[in-house]
Amino acid sequence: NPQVFAAAGYVTVMVDPHGSTSYGQAFTDSISRHWGDAPFKDVMKGLDYVQSTYDFIDSNRTCALGASYGGYMMAWLNGHTDRFSCLVMHDGIFDTRMFYYTTEELWFPEHEFGGYPQKNKATEKLYEEWNPSEYAHNWNTPMLVVQGGRDYRIVDGQAFAAFTNLQRRGVPSRLLYFPDENHWVLKPHNSIKWHHEVLGWLDQFTSE
């Protein structure tokens, strides 16, 4: 809910990237086999626009948050830009190959990447090309990693892997784990904890 962050005093920007359902089916389908391509460019263009247009935005204190595919994008951002003060990755993908072999939603990666990872050279290349773990050596931005233990779409090993990479690289990081939640945080007391931790993380890296 962007109003929560706005109410906490943050300028809140929501980029509507390629892959969304806003501009017809072709626009939605455009990111299939291009996960880290146009959406990443859209996020960066959106960031460029708001920072150059609104003088009340402090470009040195900017964070990004994402869940599910948005969580994947947080992992992708950490390997491809250092423009953010911190990131929040909620139930995101660290490794596309392991995502395929552990998800309960097999049809989805097969649709998005053209099949299973070793189907042919083309699919093997796609899983590698858009795999955030291939760029894990570039991760330097502080990240809060959030995961539900009952998420069978993107299993908790993805979060543990992302957190391990951050910790071993000495990057400020924190793991928030909900053993009784699935792909989303739905229980009221857990939602309160989620917002407390996320807002606290943003405050830690954006305070003057």
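Predicted model, so just to flag it, every value in this text is computed and none were measured.

Caption draft 1: Spatial organisation of the pattern of salt bridges. This model, assessed by the stated rule, comprises 10 salt bridges. Between E104 and R153 there is a salt bridge, with the nearest N and O atoms lying 3.2 Å from each other. Taken as a pair, E104 in the loop between α5 (96-102) and α6 (107-113) and R153 in the loop between β3 (143-148) and α8 (156-168) lie far apart in primary sequence, 49 residues in all. The class of E104 is partly exposed, set by a relative accessible area of 45%. Judged by its relative accessible area of 33%, R153 is partly exposed. E197 is the salt-bridge partner of R174, the closest N and O atoms lying 2.9 Å from each other. With R174 in strand β4 (residues 173-178) and E197 in helix α9 (residues 188-206), this residue pair connects regions lying 23 residues apart in the sequence.

Caption draft 2: Spotlight on the sheet that holds strand β2 (residues 86-90). The 4 strands are arranged β1-β2-β3-β4 in an open sheet whose pairing can be described as parallel. Each edge of the sheet is formed by a strand with only one pairing partner; in this case those strands are β1 (63-67) and β4. Neighbour-to-neighbour, the strand axes of the sheet open up by a mean angle of 10°, direction not taken into account. Pairing of β1 with β2, which is carried by 5 bridges, proceeds in the parallel orientation.

Caption draft 3: Here's a closer look at a nonpolar patch on the surface. On the surface, a nonpolar cluster with roughly 580 Å² of combined accessible area is contributed by V11, V13, V15, Y49, Y54 and F56. Along the chain, V15 falls in the loop between α1 (2-7) and α2 (25-29). What makes V15 partly exposed here is its relative accessible area of 34%.

Caption draft 4: Seen up close, the pairing of β1. In β1, alternate side chains face the same way, and those of A64 and G66 are buried while those of C63, L65 and A67 on the opposite face are not. Of the crossover connections in this fold, the one passing from β1 over helix α4 (residues 69-80) to the parallel β2 is right-handed.

Caption draft 5: Region of the structure containing the nonpolar core. If you look at the biggest cluster of nonpolar residues, it comprises 32 residues, and the most contacted ones within it are M74, L77, F84 and M143. Broken down by secondary-structure element, the contributors of at least two residues to this core are α3 (38-53), α4, β2, α5, α7 (121-129), β3 and α8. Examining the composition of this core, we find that 6 residues originate from one element, α4, more than from any other. With residues up to four places along the chain from it excluded, the contact list for L77 reads F40, V43, M44, A64, F84 and L87.

Caption draft 6: Looking closely at the packing of aromatic side chains. Scanning the entire structure with this criterion turns up 19 aromatic pairs. Between the aromatic rings of W35 and Y69, the centroid separation amounts to 5.5 Å while the plane-to-plane angle is 90°, which identifies the pairing as edge-to-face. Residue W35 is found in the loop between α2 and α3, and its partner Y69 is found in helix α4; the two are separated by 34 residues along the sequence. A residue is classified by how much of its surface remains accessible, and Y69, at 25% relative accessible area, is partly exposed.

Caption draft 7: Up close: the side chain of S173. Along the polypeptide, S173 turns up in strand β4. There is a polar contact of 2.7 Å between the side chain of S173 and the side chain of Q167. At 3.0 Å, the side chain of S173 and the backbone oxygen of V171 are in polar contact. Residues contacting S173, with those up to four places away along its chain left out, are M143, F163, L166, Q167 and W201.

About the thresholds
- Residues numbered from 1 in each chain as written.
- Predicted model: local features only at pLDDT ≥ 70, side-chain atom pairs only at ≥ 80, totals over all residues.
- Heavy atoms only, no water.
- Salt bridge = Lys/Arg side-chain N within 4 Å of Asp/Glu carboxyl O.
- Helix = DSSP H or I, 4+ residues; strand = E, 2+ residues; numbered from the N terminus.
- Buried < 20%, exposed > 50% of the residue type's maximum accessible area, 1.4 Å probe, protein only.
- Pairing = 2+ DSSP bridges.
- Axes fitted to C-alpha atoms, helices over the stretch in contact; angles between N-to-C directions.
- Patch = residues over 30% accessible without salt bridge, like charges linked within 9 Å, V, L, I, M, F, W, Y side chains within 5 Å.
- Areas by Shrake-Rupley, 256 points an atom, 1.4 Å probe, with all protein chains shown as cover.
- Right-handed = clockwise from strand over helix to strand, strands pointing away.
- Core = buried A, V, L, I, M, F, W, Y, C linked by side-chain atoms within 4.5 Å.
- Contact = heavy atoms within 4.5 Å.
- Phe/Tyr/Trp six-rings, centres within 6.5 Å; stacked < 30°, edge-to-face > 60°.
- Polar contact = N/O pair within 3.5 Å; in protein donor to acceptor, adjacent residues only side chain to side chain.

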